[in-house]
Amino acid sequence: MTPKTLYDKLWEAHVIRREADGTALLYIDRHLVHEVTSPQAFEGLRLAGRKPWRTASVLAVADHNVPTTDRSQGIADPVSRLQVETLDQNCADFGITEFKMNDHRQGIVHVIGPEQGATLPGMTVVCGDSHTSTHGAFAALAFGIGTSEVEHVLATQCLLMKKAKNMRVQVDGALSQGVSAKDLVLAVIGQIGTAGGTGYAIEFAGSAIQALSMEGRMTVCNMAIEAGARSGLVAVDEVTVAYLKGRPFSPRGPDWERAAAYWRTLHSDPGASFDRVVALDASTIRPQVTWGTSPEMVAPVDGRVPDPDREPDAVKQESMRRALDYMGLEPNVPIQEIQLDKVFIGSCTNSRIEDLRVAAAVVRGRRVAANVRLAMVVPGSGLVKHQAEQEGLDRIFREAGFEWREPGCSMCLAMNDDRLQPGERCAATSNRNFEGRQGTGGRTHLVSPGMAAAAAIAGHFVDVNSL
Amino acid sequence: MEKFTRMTGLVAPLDRANVDTDAIIPKQFLKSIRRSGFGPNLFDAWRYLDEGQPDSDNSRRPLNPDFVLNQPRYQGAQILLARENFGCGSSREHAPWALVDYGFRALIAPSYADIFFNNSFKNGLLPIVLDAALVDSLFREAVATPGYRLTVDLEAQTVTTPAGQVLAFAIDPFRKYCLLNGLDDIGLTLQHRDEIQAYEARRRLEQPWLFADPVPGN
Ligand code: SF4
C-alpha cells in the first residue's frame, strides 16, 4: 500500500463522493458555532425551510462580543447584545447545545472545543472562524469556513471541497529556555511567509513538536492560518490520548479503548510523500516579536526593526514602508527599545492554563511598569479561569497590577469594549497584528505569554530570560 | 445566488499586497446579523478619515481623498485589481458581501487566501487568478488609462483588455458551473441525501462515539 500522510488519511475517511473535477463531498463530524458568523446562516436555513441535519454535531458559544468585565448586567452595546441574543434564539429554535454567556464553561470557541473533548482525533471539525486550524493539534482535520458554508454544513452535514496539498514543517531539536510554541510558530511564519501555506494542509512534525504539550500544539496549529494554511495538523501520540481521557464529550467505557486504538493510527506513514517540506532547527529559535502589520514581519527579540532600503523586492519594500509608518517605527531600532502602552494576554492562541502559568511565573513578585497603562489577562474559558484561580494565578497577576477578566476574545479583535486607542502600542499574545485589529490606529506586536509578561514588567520588550 | 456569465466593467487598481479581511471590512461592522448593507463600509479605515461605527451616517463622513476608490475616475468600478494574497486573515464572509454590495463583480490578483477565495464564489463574485507579471501590466494600463475597462467572460475563461489582448484564466469546472448557473450548492448537495445517510450509517457502526449526544453538565 502507498504510504499516506496524516492529511490523506483524514481526508479519505470523510469523502462521500467525488465529482469528475476532483471536488469532493466531505462529511463533517463536529460543527462549532459562534455569534458573529452564524446569524446569516440560520436565517438562510429558515428562508429555505430547512432544518439542521444533525444537531448533536453542533456546539455553540458566544465569545467574540461578550464583555470581559462584570456580566451580571448583560451586554451594554445594543448591537453586540442583539448578535448574542440572536445566537441564543437560533440555538433554542433549532435545538442546538450552547454554552451561554454566563455558563461556567463559556469561553473562546477554540479553547472550549478541546477542553470539552468535543474535538477528537480523526474528526472533521469546522467553524465559521479561520482559527479552527487550532483543533488540528488533535489530528482532527479542522478548518475555518465562511457563513455560506456554515449554512451548508448545518443543512447537509457536508462541504464541497477540493483536496489541499501536503506540507510538512519539520522542527527538530530542543527549544531553548524561555522559547515557547508561539516563538516556534512565529519563526515558521517568518520563514515561509503569510502565504507560504496557501493551498496546503501543514503537518507539524519532529522532536520539538512531539515535546510540546497539547496547549503548545494548539498554539502552533492555531497560527497555521497565519501562514496561509487552512489546516494545521499534529499526529496523535500518548500526550494526545492522555489529554482527552475523561473529558465531558470524550468516549467512555468500551468506546474509549476502541477510539484510542483508532486514534493511534493517525500519523503519517513512514515514507509518505509531501509536496513541500520545510525544516527548522528548534535550538536556533529566539523569542520572537512582530514589528509590522503582518505576522510574517517578525524578528528575534535581540534583533532590530528591518530597513526597507535593504529589501530588493519592490512590492515587499512598499509593504514594509507602509507597515513601519503605521506602526510608528523607524528602521534599525533595536526591538528591545520599543516602549509599550498596553499588554494583552489572551486569545485562542495563548489563553490556556499553561500560558497563564508561564506568564504568572514571570510576573510573580514584580510590578507592571509605570508607562504601561493597562495590562490585562483574559482567560480562554470559564474553566481555565477557575483552574487559574485554584492555583492562585489571579492573585499573582492582580498583585503585579494586571487586570483579571472574564473569558472571551476580548482585545484580540476588539469587538467588545476592550480595545486600543489610536496610536497605542500593545504587546499581545494573540495571532494577528493587522492594521486596526485591536482598535482603529492601534499597534500590535505579537509575542508569547512569557514575553508579554516580561514586556509588562519592563515597559518595553526584553528577553524573558533576562528578567 | 446571482449568475455570472460575461461582463465589462471599470477597473479600480488597489496597489497593496496581503490585503486582509480586517481591512476589507473592519470588525465593528461584523456585529450585523444581516448579509447586506456592508458596501458603504468596504475598506472603511482606508476610505474615511474618521473611525466608522455601525450606526454612522456614512454620507457625512470625511473621505480620504488619497484612497483609490474615492477618486472620481474609479466611481462605479466593478472589477478590482489587487496584489498577491488578497483576502488573507479571518474567515468572515462579510468581506465578499461588502465587495459585492459596493458593486464589484470580479477580482483580479496573482493569488488569494483560501477561505476568502472560496467565500467569493458563494456570492457570485469571481476571483480571477492571473500571473503576477500580467497583473502588473494590467496595473500599469489601468493607472495610465482613465476609464480603463476589462471584459470578463466566464464561459470562455478570458479577460479581454481594451487593446484586444485576450488573457486566459483557469477555474474549477464545478465552481464555473455553479457560478454560470447561479446554483445554490445546498440544493445540489441534498440531491445526494441517500449517499450521505449511507455514509453516516456506516460510520455510526465504526466510530459510534462520534454520534453520541452532547453531554450536558460538567
Ligand atoms: S480569540 Fe481572536 S482569533 Fe481567536 S477566535 Fe477570538 S477573535 Fe478569533
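Look a little higher up for the structure.
Predicted model only: the values in this text are computed from it and were never measured.

A. Representation of the sheet that holds strand 1 (residues 6–13) of chain B within the structure. Residues and elements named next belong to chain B. One open sheet holds the 7 strands; their spatial order is 4-3-2-1-5-6-7, and the pairing between them is mixed. Looking at strand neighbours, the two that pair on one side only are strand 4 (126–129) and strand 7 (166–168), the edges of this open sheet. Across the sheet, the mean angle from the axis of one strand to that of its neighbour is 30°, orientation sign disregarded. Relative to strand 6 (residues 158–160), strand 5 (residues 149–153) runs antiparallel, the two sharing 3 bridges.

B. Inspection of the sheet that holds strand 11 (residues 231–233) of chain A at higher detail. Residue and element names in this part refer to chain A. With parallel pairing, 4 strands are arranged side by side in an open sheet as 11-10-9-12. The sheet is open, and its two edges are formed by strand 11 and strand 12 (276–281), each paired on a single side. On average, each strand axis in the sheet is inclined to that of its neighbour by 20°, with strand direction left out of account. The sheet contact formed by strand 10 (residues 200–205) and strand 11 spans 3 bridges and is parallel.

C. Expanded view of the interface of chain B and chain A. On the chain A side, the residues contacting the 65 residues of chain B number 81 residues. Both sides together, the interface formed by chain B and chain A hides about 6,100 Å², and carbon and sulfur atoms give 55% of it. It is Lys31, Ile33 and Trp209 of chain B that lose the most area in chain B upon contact with chain A, and together they represent 13% of the buried surface on that side. For arginine 50 of chain A, the salt bridge goes to aspartate 184 of chain B, with nearest N and O atoms at 3.5 Å. Counting every contact that joins chain B to chain A gives 37 residue pairs in polar contact (both at pLDDT 80 or more). Listing elements by their share of the side of chain B that touches chain A, those giving two or more residues are helix 3 (94–102), helix 4 (114–121), helix 6 (173–181), helix 7 (185–190) and helix 8 (193–206) of chain B. Ranked by the residues each element gives to the side of chain B that touches chain A, the list is headed by helix 8 of chain B, at 10 residues. The class makeup of the residues in the side of chain B that touches chain A is 23 nonpolar, 19 polar and 23 charged.

Basis of the calculations
Residues numbered from 1 in each chain as written. Chains lettered and ligands numbered in written order. Predicted model: local features only at pLDDT ≥ 70, side-chain atom pairs only at ≥ 80, totals over all residues. Heavy atoms only, no water. Pairing = 2+ DSSP bridges. Helix = DSSP H or I, 4+ residues; strand = E, 2+ residues; numbered from the N terminus. Axes fitted to C-alpha atoms, helices over the stretch in contact; angles between N-to-C directions. Contact = heavy atoms within 4.5 Å. Buried area = accessible area lost by both parts, 1.4 Å probe. Salt bridge = Lys/Arg side-chain N within 4 Å of Asp/Glu carboxyl O. Polar contact = N/O pair within 3.5 Å; in protein donor to acceptor, adjacent residues only side chain to side chain. Nonpolar A, V, L, I, M, F, W, Y, C, P; charged D, E, K, R; others polar.

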